[in-house]
Amino acid sequence: NIAFQLRRETIPEYWVALGGAWRETDVDASLTSFLRTNEPGQLGETEARSISISTGVDTRNDPANPTEGVVHIWSIERTTCGKCARQPPAYRWTFQDRRYYDVTSRVSVMARNLFEVVDGELPIDLYGELGDPGRRVRGVGGDGSVRGLSKSRYMDDVRFVTGAEVHYLADSRFWMKQFLELRFAVFADAGRVWHRLSDV
């Protein structure tokens with residue numbers, strides 16, 4: 001898997017990016033019965049090539065541990081499949097919205113929404129990915145992402161994912177020349193997939 005993204009800030013807080021990727025994957029039939037039943041032609045080695053363009057605005061006060069600000073990202077990605085040479089390229093349209101609120105000096109709230117539409121047929125192993133090409137999530141995410149999803153459980157052309165988190169900063173201090181923070185988080189994630197945009 002080889003991927004790159006060249007990002008440039010146009011004016012403060014706004015950026016554009018150009019990206020590309022090449023991937024070769026061995027899709028194993030034992031991972032899911034869905035493949036054996038519905039997509040036997042996608043088994044074995046798959047090859048995918050993609051190019052993408054993204055733009056966004058980022059007003060977070062701290063990229064590592066934000067407590068205020070918003071992030072909006074719009075992206076479009078064009079993917080061609082080596083095994084599906086007779087099929088036209090697939091396009092993935094993605095919009096992300098992340099918002100951060102500082103409630104008190106120790107409590108912050110984050111809300112995340114992602115809406116994605118795939119136009120065309122992607123290689124089967126790419127359906128389990130979410131997000132823009134520069135920060136793609138495969139399956140189970142982490143802090144600020146989506147948890148509890150296996151990468152091949154929810155696969156369809158239109159998907160919406162939302163989540164909210166409440167963070168409590170219990171303590172922060174320097175210890176052995178390292179800055180450490182102890183945080184507790186409560187979160188809830190939800191989502192839905194559809195086969196066509198008209199079904200939403």
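This text goes with the structure placed above it.
The residue numbers shown here count from 1 along each chain, following its written sequence. Thresholds applied to this predicted model are a pLDDT of at least 70 for local features of residues and 80 or more for the giving and counting of side-chain atom pairs; totals over whole chains, interfaces and linings are not thresholded and use all residues. Excluding hydrogens and water, the side-chain values take into account all heavy atoms of the structure.

Caption draft 1: Molecular detail of the overall build of the protein chain. The secondary structure content of the protein chain amounts to 1 helix and 10 strands. Where helices and strands are cited, they refer to DSSP runs of H or I of at least four residues and of E of at least two residues respectively, numbered from the N terminus. Of the regular secondary structure in the protein chain, the N- to C-terminal order runs β-β-α-β-β-β-β-β-β-β-β. The buried share of the protein chain, taken over its 200 residues, is 34%. Within the protein chain, contacts between residues at least 6 apart in sequence are counted, and of these 56% link residues at least 24 apart. Areas reported here follow the Shrake-Rupley algorithm with a probe of radius 1.4 Å; residue values treat only the protein chains shown as occluding. Here the protein chain displays about 12,000 Å² of accessible surface, and carbon together with sulfur accounts for 56% of that area. Here the term buried applies to any residue with accessible area under 20% of the maximum for its type, exposed to any over 50%, and partly exposed to those in between, with areas from a 1.4 Å probe on protein chains only. Contacts between residues were defined by any pair of non-hydrogen atoms, one from each residue, lying within 4.5 Å.

Caption draft 2: View of the pattern of salt bridges. Between Lys or Arg on one side and Asp or Glu on the other, a salt bridge is scored when a side-chain nitrogen of the former is within 4 Å of a carboxyl oxygen of the latter. All told, the structure shown has 7 salt bridges when counted by the stated rule. Between Asp58 and Arg60 there is a salt bridge, with the nearest N and O atoms lying 2.7 Å from each other. Taking the relative accessible area as the measure of exposure, Arg60 reaches 21% and is therefore partly exposed. A salt bridge links Glu77 to Arg92, with the shortest nitrogen-to-oxygen separation between them at 3.6 Å. Highlighted residues: Glu77 in strand E4 (residues 69-81) and Arg92 in strand E5 (residues 90-102), separated in sequence by 15 residues.

Caption draft 3: Expanded view of unusual backbone geometry. Notably, Met176 is not glycine yet its phi reads approximately 50 degrees, a positive angle. Among the structural elements, Met176 can be located in the loop between strand E9 (158-175) and strand E10 (178-194). Given a relative accessible area of 63%, Met176 falls into the exposed group. At Lys177, a residue that is not glycine, the phi angle is positive and equals roughly 65 degrees. Locating Lys177 in the fold gives a position in the loop between E9 and E10.

Caption draft 4: The environment of Glu181, seen in detail. Mapped onto the fold, Glu181 is located in strand E10. In the structure, Glu181 is positioned 12 residues away from Leu169 in sequence and 7.3 Å away in space, judged by C-alpha atoms. When near neighbours in sequence (up to four residues on either side) are disregarded, Glu181 contacts Asn65, Leu169, Asp171 and Ser172. For this analysis, a polar contact is any N or O atom pair within 3.5 Å, provided that within protein one partner can donate a hydrogen and the other can accept it, and provided that sequence-adjacent residues contribute only side-chain to side-chain pairs. In this structure the side chain of Glu181 is engaged in a polar contact, spanning 3.5 Å, whose partner is the side chain of Asn65. At 3.0 Å, the side chain of Glu181 forms a polar contact with the side chain of Arg183.

Caption draft 5: Representation of the packing of aromatic side chains in the model. Stacked, tilted and edge-to-face are the three classes assigned to paired rings of Phe, Tyr and Trp, where Trp is represented by its six-membered ring and a pair needs centres within 6.5 Å; plane angles under 30 degrees give stacked, over 60 edge-to-face, the rest tilted. What the rule picks out here adds up to 2 aromatic pairs. Their ring planes at 35 degrees and their centres at 5.6 Å tell us that Trp74 and Phe95 sit as a pair that is tilted. Note that Trp74 is positioned in strand E4 and Phe95 in strand E5, a separation of 21 residues in sequence. We classify Trp74 as partly exposed; its relative accessible area is 39%. Given a relative accessible area of 30%, Phe95 falls into the partly exposed group. Relative to Phe179, the ring of Phe174 has its centre 5.2 Å away and its plane inclined at 55 degrees; by these criteria the two rings are tilted. Residue Phe179 is classed as partly exposed on the basis of its relative accessible area, which comes to 45%. Taking NZ or CZ as reference, Arg7 lies 3.7 Å from the ring centre of Trp15, over its face. Geometrically, a lysine NZ or arginine CZ counts as sitting over a ring once it is within 6 Å of the ring centre and also within 35 degrees of the ring normal.

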